[in-house]
Amino acid sequence: MKPTVWRVAIPSPLRRLFDYLPPDGDYPEQPVGCRVQVPFGSRKVVGLVVSVGEADPDLPLKRLRPVESCLDSEPLVPESMMRLGEWGTRYYHHPPGEVFEHLLPLALRREGQAQRRQEDWWLLSEAGRQTHPDELGRAPRQQAVLARLQQAGGALPAQEMSDLGQGWQSVARRMADNGLLFKESRDPAVPLNRGEEPEMVLNPEQAAALSRIESDMDGFACHLLEGVTGSGKTEVYLALIRRILAEDKQALVLVPEIALTPQLTLRFRRALPARIGLYHSGMNDRERRDTWLMARAGELDVIIGTRSAVFLPLPRPGLMILDEEHDPAFKQQDGFRYSARDLAVVRARQQAMPIVLGSATPALETLRNARDGRYGHAQLSQRAGDARPPALKVIDIRGQELEAGLSGRLLQRLDERLKAGEQALLFLNRRGYAPVLVCNQCGWTADCLRCDARMTYHRRRGSLDCHHCGASRRLPRACPECASEKLGVAGQGTEQLEQVLARRYPHISQVRIDRDTTRRQGALDAKLAAARDGEAQLLIGTQMLAKGHDFPNLTLVGLVDADQGLMSADFRGPERMAQLVTQVAGRAGRGKKAGEVLIQTRAPEHPLLETLIRGGYPAFADAALRERSEAGFPPYSHLALLRAEAHEKTAVQAFLEEAMGLGQATADERVLLMGPVPAPMERRAGRYRAQIMIQADERTPLHQLLTPLAPALENLKSARRVRWSLDVDPIDLF
DNA sequence: AGCACGCCGACT
DNA sequence: GTCGGCGTGCTC
């Protein structure tokens with residue numbers, strides 16, 4: 001009989017599992033989901049047991065090595081999450097070791113107990129219970145400790161005893177020596193919110209959306225909640241969560257970025273009688289481990305997290321919510337390139353729970369799923385309260401005299417609004433002072449040495465920074481080519497806008513919000529607070545400002561340059577532009593006063609832009625979906641990208657040529673391979689980049705091609721000289 | 001990705 | 001004479 005082996009996912013880029021003999025020592029009956037310490041080549045690594053089975057007949061038995069030790073006495077990763085990992089490995093054609101690494105927080109990927117941070121408690125012994133404080137005679141501090149513990153019923157966390165005064169711990173230790181008390185480590189209790197805020201009364205649309213989703217909550221169901229900005233999606237989320245809390249189930253809420261967690265958390269803490277946890281990249285390893293373990297233990301009822309939280313285990317799964325589901329941040333852009341949105345839907349189906357995708361500007365993929373009836377579709381078309389939707393207007397800036405990129409008409413409206421004491425926002429998705437530094441004598445421009453890109457001039461810093469690779473250097477005094485001192489700039493960034501506007505409106509308080517001004521801890525919160533309470537009247541920012549924030553006094557929004565998306569070579573450019581315009585526009589007129597949105601463009605007659613202005617996002621989406629259908633792009637086809645990069649351009653070419661040959665040999669007529677083509681910015685951070693695009697109308701043939709292709713590429717000799725990756729369902733083509 | 005093994009150049 | 005350069009092969 002063939003021996004039983006454990007198939008283990010090993011942290012390595014190899015697209016296979018490794019078989020081991022069971023360990024000599026103790027191990028659980030069912031080791032799937034347990035971490036194991038195994039020998040791997042000449043080193044020891046921690047892997048995850050994925051399955052148990054018979055030894056592979058093709059593998060000589062003597063090559064099998066035994067597991068050194070099983071690190072868990074029961075599976076740490078539950079079966080449900082192992083299934084999600086297996087699905088991810090198959091779908092994304094990514095090495096299992098790297099996929100399964102995502103199932104555990106960093107702090108649990110090493111040796112050691114899967115235990116969360118402990119809290120010290122002091123407890124009374126039997127003797128301590130029997131002793132009256134007076135019996136301690138001339139030891140007043142011991143008396144105090146004893147009395148305190150007796151009052152508390154015999155046990156208290158050490159933290160809550162600190163008011164007993166300096167040095168109380170040594171008093172307690174002495175009493176422990178005398179057998180009156182003892183110390184114990186316990187799991188800290190998770191605070192339960194009271195949820196004191198009264199439930200909001202839902203407006204008819206919200207109520208209708210709620211009941212529509214609620215009617216379909218036993219088992220799997222996916223609903224798109226499409227609600228214009230300010231329509232109160234959060235109230236619907238809260239009502240749904242209350243419902244599943246009443247059934248004693250857990251809810252997982254995913255948001256695109258950390259910046260959105262604090263406000264949502266605050267809102268949830270006020271509204272929900274629940275134990276709420278957080279999971280995002282701003283937390284340290286220990287905090288993430290603790291949330292992970294508490295989620296797994298069922299000690300948290302609601303968890304709010306970013307992308308990676310889709311892997312949090314839930315023993316009582318009740319509901320998943322993905323807010324701003326269209327946001328590209330849900331797609332991981334390196335390593336294991338998963339879409340948290342797509343994985344969440346798969347997970348919901350696997351675990352038979354409902355999922356709600358919320359957005360004011362749904363991704364075209366999601367919209368199509370809703371229209372084809374695969375997803376439920378609930379809509380909120382009215383803004384809550386009295387708020388009216390803002391009017392969108394286009395400003396044609398062709399041939400116009402501009403001041404720092406601002407047209408006369410935009411400046412005039414700005415004058416009026418600011419004079420009236422109202423708040424205005426200027427949106428420009430480019431930080432720094434100017435994107436180009438140029439020599440007016442010889443035409444030299446400041447280019448990045450490692451990228452095919454210009455360096456951005458940062459005036460306050462006095463530096464030239466490359467926004468693609470992070471390179472930075474001092475601003476030259478003179479042109480390095482011709483020594484002329486006539487250096488000038490072209491184009492503008494938020495820093496320039498801020499400076500020019502400060503000169504124009506010296507008595508208006510303004511705030512700039514971009515990655516440069518919010519680097520410091522807490523700076524973003526402070527600036528957002530200033531923007532929210534109206535302390536800052538003029539707001540200038542990049543897309544950081546576009547998301548989810550509420551500025552009640554804001555009446556004018558100016559999009560300084562709307563053309564970036566329209567002119568993009570990526571077929572998703574217009575979709576991004578429309579989402580951004582709609583999201584930014586949604587910041588205006590959320591209070592009582594009507595809002596106005598001015599869009600500066602050099603392509604005012606662009607059909608998709610016109611459709612967006614006239615009919616809003618839904619009309620845009622109709623038109624864009626029609627275009628995608630005609631062009632055979634997603635969601636009407638499926639894409640994968642094989643990317644490669646290396647310092648040696650020839651290495652990239654050689655690898656992709658060989659890959660192309662392999663691909664063409666196995667591809668049938670249902671799959672189209674295109675390339676290799678260089679990336680639009682061919683060189684980045686000193687590496688040459690190129691790619692092959694693989695397209696198919698149906699998913700099946702695409703996967704039939706990739707399943708053998710991925711491991712074949714791995715064995716290519718030319719693959720060792722490049723960094724390569726497969727991106728299934730890419731969201732950026734470059 | 002690591003890591004070991006292996007075969008050729010400038011140094012204690 | 002060796003330390004170490006990175007090419008190439010392997011990891012149950």
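Note that the structure is a prediction, hence the values are computed from the model and not measured. Throughout this description, residue numbers start from 1 for each chain and increase along the sequence as written. Each chain is given a letter, starting from A, and each ligand a number, starting from 1, according to the order in which they appear as written. Residues qualify for local features only when their pLDDT is at least 70, as the model is predicted, and side-chain atom pairs are given and counted only at 80 or more; totals for whole chains, interfaces and linings, by contrast, use all residues. Side-chain figures throughout are based on the complete set of non-hydrogen atoms in the structure, without hydrogens or water.

Draft legend 1. Looking closely at the overall build of chain A. From N to C terminus, chain A includes 19 helices and 31 strands. The globule rule puts the C-alpha radius of gyration for 734 residues at 27 Å, and the 30 Å found for chain A is close to it. With the C-alpha coordinates of chain A rotated into their principal frame, the extents come out at 90 × 70 × 65 Å. Remark: exposure states derive from per-residue accessible area (1.4 Å probe, protein chains only) relative to the maximum for the residue type, with buried under 20%, exposed over 50%, and partly exposed in between. Relative to its 734 residues, chain A shows a buried fraction of 54%. Within chain A, residue pairs in contact and separated by at least 24 positions form 75% of the contacts whose partners lie at least 6 positions apart. Summed over all atoms, the accessible surface of chain A reaches about 33300 Å², with 48% contributed by carbon and sulfur. Side chains of chain A give 98 positive and 93 negative charges; the mean places of these two sets differ by 4 Å. A run of H or I in DSSP counts as a helix once it spans at least four residues, and a run of E counts as a strand once it spans at least two, with each numbered from the N terminus. This radius of gyration counts C-alpha atoms alone. The globule rule is 2.2 Å times how many residues there are, raised to the power 0.38. Any two residues whose heavy atoms approach within 4.5 Å are treated as being in contact. Under the convention used here, a 1.4 Å probe and the Shrake-Rupley method define accessible areas, while residue burial counts only the protein chains that appear. Counted as positive: Lys and Arg. Counted as negative: Asp and Glu. His and the chain ends are not counted at all. One atom stands in for each charge, and that atom is NZ of Lys, CZ of Arg, CG of Asp or CD of Glu.

Draft legend 2. Region of the structure containing the UniProt feature "domain: Helicase ATP-binding" (unreviewed entry) in chain A. Mapped onto this numbering, the UniProt entry annotates "domain: Helicase ATP-binding" (unreviewed entry) at residues 224-380. This span, residues 224-380, is 36% helix and 22% strand, and a straight line between its end C-alpha atoms measures 11 Å. UniProt positions are given in the numbering used here, feature names are shortened, and annotations may be inferred rather than shown by experiment.

Draft legend 3. Structural view of the side chain of Arg-347. Considering the arrangement of structural elements, one finds Arg-347 in helix 10 (residues 340-350). By salt bridge we mean one thing: a side-chain nitrogen of Lys or Arg within 4 Å of a carboxyl oxygen of Asp or Glu. Lacking a salt bridge, the buried Arg-347 has Glu-79 as its closest oppositely charged neighbour, with an N-O distance of 12 Å. Polar contact criterion, stated in full: a pair of N or O atoms within 3.5 Å, where within protein one must be able to donate a hydrogen and the other to accept it, and residues adjacent in sequence count only if both atoms are side-chain atoms. Polar contacts involving the side chain of Arg-347 include one to the main-chain carbonyl oxygen of Val-310, which spans 2.6 Å. There is a polar contact of 2.7 Å between the side chain of Arg-347 and the backbone oxygen of Leu-312. For Arg-347, the contacting residues outside a window of four places in its chain are Met-81, Leu-84, Leu-252, Ala-309, Val-310, Phe-311, Leu-312, Pro-313, Leu-314, Met-320 and Met-353.

Draft legend 4. Representation of the nonpolar core. Definition of nonpolar core: a set of buried residues of the types Ala, Val, Leu, Ile, Met, Phe, Trp, Tyr and Cys, connected through side-chain atoms within 4.5 Å. Judged by nonpolar contacts, the single largest core of 114 residues is most densely connected at Leu-425, Leu-642, Phe-655, Ile-694 and Trp-724. At nine residues, the largest contribution of residues to this core is made by helix 17 (residues 607-631). Contact partners of Phe-655, with chain neighbours within four places excluded, come to Leu-642, Ala-644, Leu-713, Leu-716, Ser-718, Ala-719, Val-722 and Trp-724. Of all hydrophobic cores here, the second largest spans 30 residues; its members include Leu-245, Leu-260, Ala-271 and Ile-321.

Draft legend 5. Inspection of the protein's contact with DNA strand B at higher detail. By convention in this text, a residue qualifies as near a molecule or strand provided that one of its non-hydrogen atoms is within 4 Å of it. All residues in the neighbourhood of DNA strand B are listed as Pro-13, Ser-42 and Arg-43. Counting only atoms of DNA strand B within 4 Å of the protein, the sugar-phosphate share comes to 62%. At 3.0 Å from a sugar or linking oxygen of DNA strand B is found a side-chain nitrogen or oxygen belonging to Ser-42.

Draft legend 6. Up close: the sheet that holds strand 12 (residues 276-279). Ordered by their spatial adjacency, seven strands build an open sheet running 12-13-11-14-15-10-16, and the pairing between neighbours is parallel. Edge positions in the open sheet fall to strand 12 and strand 16 (376-380), since each of these has one partner strand only. This sheet shows a mean twist of 20 degrees between the axes of neighbouring strands, independent of strand direction. Criterion used throughout: strands pair if DSSP finds at least two bridges between them. One ladder, built from four bridges, connects strand 11 (residues 250-254) with strand 13 (residues 302-305); its direction is parallel. Residue pairing for strand 13: Val-253 is matched across the bridge by Ile-304. Simply put, an axis is a line fit to the C-alpha atoms, just over the touching stretch for a helix, and the angle between two N-to-C directions goes from 0 to 180 degrees. Sheet strands in contact with helix 7 (residues 233-246) are strand 10 (221-227), strand 11, strand 13, strand 14 (317-323), strand 15 (354-359) and strand 16, and its direction is about 170 degrees off that of strand 14. With respect to the sheet, helix 9 (residues 285-296) is in contact with strand 11, strand 12 and strand 13, its orientation differing from that of strand 12 by roughly 130 degrees.

Draft legend 7. Up close: the UniProt feature "binding site: Zn(2+) 1" (unreviewed entry) in chain A. Per the UniProt annotation, the sites labelled "binding site: Zn(2+) 1" (unreviewed entry) are Cys-439, Cys-442, Cys-479 and Cys-482. Taken along the chain, the residues just named run across 44 residues; in space they keep tight, none of their C-alpha pairs more than 8.6 Å apart. Structurally, the position occupied by Cys-442 is in the loop between strand 19 (436-439) and strand 20 (456-458). Ignoring anything within four residues of it in the chain, the contact list for Cys-442 reads Cys-479, Glu-481 and Cys-482. The residue Cys-479 is located in the loop between strand 22 (472-474) and strand 23 (487-490) in this model. Discounting chain neighbours no more than four positions away, the residues touching Cys-479 are Cys-439, Cys-442, Trp-444, Ser-484 and Leu-487.

Draft legend 8. Fine view of the packing of helix 7 against helix 8 (residues 261-271). Two elements in contact, helix 7 and helix 8, have axes whose closest approach is 11 Å; the angle formed by their N-to-C orientations is 45 degrees. Judged by the inter-axis angle, helix 7 sits oblique to helix 8. Handedness of the helix 7/helix 8 crossing: right-handed. For the pair helix 7 and helix 8, the contacting residues are Thr-234, Glu-235, Leu-238, Ile-241 and Arg-242 in the first and Leu-264, Arg-267, Phe-268 and Ala-271 in the second. Roughly parallel means an angle under 35 degrees; roughly antiparallel, over 145; roughly perpendicular, 65 to 115; everything else is oblique. If you view the pair so one helix is near and one far, a crossing is left-handed when the near helix is turned anticlockwise from the far one by less than a right angle, and right-handed when it is turned clockwise.

Draft legend 9. The protein's contact with DNA strand C, seen in detail. Near DNA strand C lie 13 residues; those nearest to it are Arg-16, Asp-19, Gly-41, Arg-63 and Arg-65. Among the secondary structure elements, those contributing two or more residues to the surface near DNA strand C are strand 2 (18-21) and strand 3 (35-40). Here the nonpolar group is Ala, Val, Leu, Ile, Met, Phe, Trp, Tyr, Cys and Pro; Asp, Glu, Lys and Arg are the charged ones; every other residue, Gly included, is treated as polar. Looking at side-chain class alone, the surface near DNA strand C contains seven nonpolar, one polar and five charged residues.

Draft legend 10. The arrangement of the sheet that holds strand 20 in detail. The antiparallel open sheet is built from three strands, whose spatial order is 20-21-22. Since the sheet does not close on itself, it has two edges, and those belong to strand 20 and strand 22, each with one partner. Geometrically, the sheet is characterised by an average inter-axis angle of 30 degrees between neighbouring strands, direction not taken into account. Judged from the three bridges that link them, strand 20 and strand 21 (residues 463-465) form a sheet pairing that is antiparallel. Counterpart to Tyr-457 in the pairing with strand 21 is Leu-464.

Draft legend 11. Summary view of the pairing of strand 18 (residues 423-427). Among the five residues in strand 18, five count as buried, and that is most of the element. Side chains Gln-423, Leu-425 and Phe-427 project from strand 18 onto one buried face, and the interleaved Ala-424 and Leu-426 project onto a second face that is buried too. As paired strands, strand 18 and strand 26 (residues 554-559) are joined by five bridges and run parallel to one another. Bridging across to strand 26, Ala-424 finds its partner in Leu-556. When strand 18 meets strand 25 (residues 538-541), the two strands line up parallel, connected through four bridges. Residue pairing in the sheet places Phe-427 in a bridge with Gly-541 of strand 25.

Draft legend 12. Layout of the pattern of salt bridges. Across all of its chains, the model carries 56 salt bridges by this definition. A salt bridge links Arg-628 to Glu-575, with the nearest nitrogen and oxygen atoms 2.7 Å apart. Here Arg-628 is found in helix 17, whereas its partner Glu-575 is found in helix 16 (residues 573-585), with 53 residues between them in sequence. Here the two residues Arg-628 and Glu-575 agree in accessibility, since each one is buried. Linking Arg-723 and Glu-645 is a salt bridge whose minimum nitrogen-to-oxygen distance equals 3.6 Å. Of this pair, Arg-723 sits in strand 31 (residues 723-728) while Glu-645 sits in strand 28 (residues 638-646), placing them 78 residues apart in sequence. Each of Lys-393, Arg-413, Glu-416, Arg-417, Glu-422 and Glu-596 takes part in salt bridges that share partners, so that together they form one network.

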